[in-house]
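Residue-level structural notes
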Amino acid sequence: MKLLEERVLTEGIALNENILKVDGFINHQTDPVLMKAVGEDFADHFKDRGITKVATIESSGIAPALMTAAALHVPLLILKKSPSKVLNQNMYQTVVTSYTKGNSYELTLASHLISERDHVLIIDDFLANGEAATGAVRLIRKAHATIAGIGILIEKSFQPGRNKLEEQGFHVYSQVRIARLDKNVIELVK
Ligand code: 5GP
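Conventions we followed
Residues numbered from 1 in each chain as written. Predicted model: local features only at pLDDT ≥ 70, side-chain atom pairs only at ≥ 80, totals over all residues. Heavy atoms only, no water. Pairing = 2+ DSSP bridges. Helix = DSSP H or I, 4+ residues; strand = E, 2+ residues; numbered from the N terminus. Right-handed = clockwise from strand over helix to strand, strands pointing away. Near = heavy atom within 4 Å. Areas by Shrake-Rupley, 256 points an atom, 1.4 Å probe, with all protein chains shown as cover. Nonpolar A, V, L, I, M, F, W, Y, C, P; charged D, E, K, R; others polar. Polar contact = N/O pair within 3.5 Å; in protein donor to acceptor, adjacent residues only side chain to side chain. Contact = heavy atoms within 4.5 Å. Buried < 20%, exposed > 50% of the residue type's maximum accessible area, 1.4 Å probe, protein only. Arc of directions from axis to C-beta. Salt bridge = Lys/Arg side-chain N within 4 Å of Asp/Glu carboxyl O.

Observations regarding the pairing of strand S4 (residues 76–82)
Side-chain positions along a regular strand alternate between the two faces of the sheet. When strand S3 (residues 53–57) meets S4, the two strands line up parallel, connected through four bridges. Each bridged residue has a counterpart across the sheet, and for Ile-57 the counterpart in S4 is Leu-79. What joins S3 to S4 is helix H4 (residues 62–72), and the crossover it makes is right-handed. As paired elements, S4 and strand S6 (residues 104–110) share three bridges and run antiparallel to each other.

Below, the structure written as structure tokens:
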């Protein structure tokens, strides 16, 4: 997606060969006009897939996922991060390891918000090793709901996330694909 590519190239900050900071327009301050365009692009890409709900992991995915859900006229599920297992019959939970923080958390979803009739589009800000996305898939499958696809704003294509998801048969659409990062260097996939 051209608009997001331009913002990544002009305002993204590559800290090293692994981490890109996008705090000025996605993660710390969010540009609502850009997020609306991002949401419309996802909605356009996934429009014929019978989506009943959009899901994202709190908190960075919420802005683009909300705009996607609005464009598709479906609800947004916010998968919550809890520090430890809460023993509750009414919750689905699964452990996810955070790429940026290196710690683990329980991804949590109240069972009454999802059913086997749901066909869910997962949206996240970054795809690195695919831990967050596969965690979201596991959680949604606990409800016997199905996955319509996975939409990512920024994919680091030199990391294994996309392959892992595609090997499981998922349709992955990334708006920006990064081939290489280094300190102050950002190269897109051509
Ligand atoms: P994964 O689970 O695919 O390994 O990592 C994805 C999650 O880690 C995303 O939800 C995002 O929050 C975070 N993440 C991974 N790589 C980056 C990065 O380069 N920059 C930022 N800001 N977040 C990242």
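Points about the site of the ligand
Neighbouring residues of the ligand: 16 residues in total, closest Leu-20, Asn-129, Gly-130, Ala-132 and Lys-156. In the complex, the protein chains occlude 88% of the 510 Å² of accessible area that the ligand would expose alone. Counting only elements with at least two residues in the shell around the ligand, the list comes to strand S7 (119–127) and helix H5 (131–142). Here the element with the most residues in the shell around the ligand is S7; it accounts for four residues. Of the residues assigned to the shell around the ligand, the class counts are seven nonpolar, five polar and four charged.

Thoughts on the side chain of Thr-108
The topology assignment puts Thr-108 in strand S6. Polar contacts involving the side chain of Thr-108 include one to the side chain of Ser-82, which spans 2.9 Å. A polar contact of 3.3 Å, which involves the side chain of Thr-108, links it to the backbone oxygen of Glu-106. In this view, Thr-108 contacts Leu-79, Lys-80, Ser-82, Met-91, Tyr-92, Gln-93 and Leu-139; residues no more than four positions away in its chain are not counted.

Considering H4
Where H4 is concerned, the buried positions are Pro-64, Ala-65, Thr-68, Ala-69 and Leu-72. The buried residues of H4 occupy one face: seen down the axis, they fall within an arc of 135°. Following H4 by one or two positions, His-73 has its phi on the positive side, about 60°.

Section: the pattern of salt bridges
Following the criterion strictly, the structure yields 14 salt bridges and no others. Taking the shortest distance from any N to any O, the salt bridge between Lys-2 and Glu-5 comes out at 3.3 Å. Residue Lys-2 and its partner Glu-5 are both found in helix H1 (residues 2–11); the two are separated by three residues, about one turn of the helix. The exposed category is assigned to Lys-2, whose relative accessible area is 58%. Lys-21 is paired through a salt bridge with Asp-23; the nearest N and O atoms lie 3.3 Å apart. Note on Lys-21: relative accessible area 35%, which makes it partly exposed.

Structural measurements only, silent on function.
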